[in-house]
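# Observations on chain architecture
Single-letter residue listing:
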Amino acid sequence: MTPEKLSYMCEDAQGEHHKAPVRTVAFDGPAPRPAYRLRVPKASSTTLMGSSALLLASLLSAWTLFFRDPMQVQAPDDRVARLPVLGYNTWNAYHCDINETVVLQTAQLLVTLGLKDVGYMHVNIDDCYAERNRSASGSIVADHVRFSSGMNNLTDQIHDLGLKAGIYSDSGWYTCQLYPGSFQNEYRDAKLFQDWGFDYLKFDNCAIPYDEIIRQGIVGKYQRIAGAIAQLAKDTGNPPLILSLCEWGEEQPWLWARRYGQSWRTTGDISPDWGSIANIINQNSFIAWASDFYGHNDMDILEVGNGDLTFDEAKTHFTVWALMKSPLLIGTDLSTISNADLSILKNEEIIAINQDPVVGTSVTPFRWGINPDWVSNSTHPAQYWSGESENGTVFMLINSLDKPADMSFNLTESPWIRAGRQYSVRDLWTHTDNGTAVRNFTATAVPAHGVVALLLKDAGDEPPNSGPPCARPAWCISQNGTLAPGA
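First things first, this report covers the structure right here in the doc. (Residues numbered from 1 in each chain as written. Predicted model: local features only at pLDDT ≥ 70, side-chain atom pairs only at ≥ 80, totals over all residues. Heavy atoms only, no water.)

One can describe the packing of helix α8 (residues 274–284) onto helix α9 (residues 311–323) by two numbers: an axis separation of 11 Å at closest approach and a directional angle of 25 degrees. It follows from the interaxial angle that α8 and α9 lie roughly parallel. Regarding α8 and α9, the two cross each other, and that crossing is left-handed. Residues W274, I277, I280 and I281 of α8 touch α9, and the partners they reach there are E313, T316, H317, V320 and W321. (Axes fitted to C-alpha atoms, helices over the stretch in contact; angles between N-to-C directions. Helix = DSSP H or I, 4+ residues; strand = E, 2+ residues; numbered from the N terminus. Parallel < 35°, antiparallel > 145°, perpendicular 65-115°, else oblique. Left-handed = near helix turned anticlockwise from the far one by under 90°. Contact = heavy atoms within 4.5 Å.)

Glycine aside, a negative phi is what most residues show, and trans is what most peptide bonds show. Even without being a glycine, A207 presents a positive backbone phi close to 50 degrees. Following the sequence through the fold, A207 ends up in the loop between β7 (200–204) and α6 (211–214). Under the relative-accessibility criterion, A207 is labelled partly exposed at 27%. A positive phi angle, near 55 degrees, is found at N465, a position not held by glycine. Inspection of the secondary structure assignment puts N465 in the segment after β19 (451–461). (Buried < 20%, exposed > 50% of the residue type's maximum accessible area, 1.4 Å probe, protein only.)

It is worth spelling out the pattern of salt bridges at this point. Summed over all chains, the structure comprises 14 salt bridges. Ionic pairing is found between D458 and R418, a salt bridge with its closest N-O pair at 3.5 Å. Taken together, the residues span a long stretch of sequence, with D458 in strand β19 and R418 in the loop between β15 (405–410) and β16 (421–427) at a distance of 40 residues. A residue is classified by how much of its surface remains accessible, and D458, at 36% relative accessible area, is partly exposed. D433 is the salt-bridge partner of R426, the closest N and O atoms lying 3.3 Å from each other. (Salt bridge = Lys/Arg side-chain N within 4 Å of Asp/Glu carboxyl O.)

The values are spatial; any link to function lies outside them.
Quick look at the structure:
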């Protein structure tokens, strides 16, 4: 008898027995404590000889069931969105004032402004593209005035530009602007979107059905659309739609959403001001661990080019979103974008970290700075961050103060730096090589609400007599047991 064919009896807290095939289950988030006590099936006369093997296989399967590494969980189909999606979303710039001309002009500008060349490939339509009611046959209908040429014509032209197309719907009865939602029409709508030529689906969380109808939480609502997308891919043989979950972080999607989609919103809606940017950075500083290949925290559509953000605030906004491996969806009117804002969006060295093909994880804080570590502050989020990359260690420094400030750190505060080594320093915004760092680094006069983004590469052993025996003196001790000075 092979392990795959084994069955086990589980006894729950009420003493009820449940029989099921042994299988491997992976959990998002911390591995839960076992809620069941394993009862190994009694060996019959025909299986007595293999009872020891059966017991071992059962115990191993149970161990795997309850204690498998939760980060092994991946999206339902790993053929799509291994890396964060880059592109455009219509909402921040246009809200409901969209039509096929606006969408096509935006697609063309992605090409002519050179944004496609640096990786922005998706043109995503948000809410308000549909008629208020479904057709007699039950399908969503594109607005006959604003999209008079039809969605297939629109997506054909987008694809002819070498771009991809995205669409929007909702897990409830209606969208947030009260157009038809997809509840109880998940498969029908997913098929329609794919037939229209869309590659990507943003799925919102408004107009929630009554509990007595849905009998599910938010997780269950998104399970419905994920199941429909998976079934559609199986039925058609086409790649599944990329699924972007938009439930605003209300049910901790960083714990479960990668089971169903490729990105998940982590907060409420963004606005084009520093207070909103700082608040989103703060909230995401505690869940940065959740992003990796095929599943990413979505910090919301970019506001670069909108509102009253200063140049340095816009740089910080873009840098944090990119280095935390959020999707990067432009949300400004590209027909009027300034050269300065365009230069931010086209920083290829920053984008390269976001699109790293080898390391999928986000930068994380190693020191909060103004606040004690692990303390939430929506005005002053964590300031000192680092992370791995294909080409070295990434450092990100955020000055949350309203005035310029010097910012210093010990290299080995980052877990990705080796003690006793020196590191070459690349500035990802000035695009300059800035010498070698030994033990410490100081960025001087970082602008108010500004950012520093660095790539450090190992440059060999540090020079002799570079300082005390240990860069971090706590418990620094010689081989003979003598504590070093300052330890």
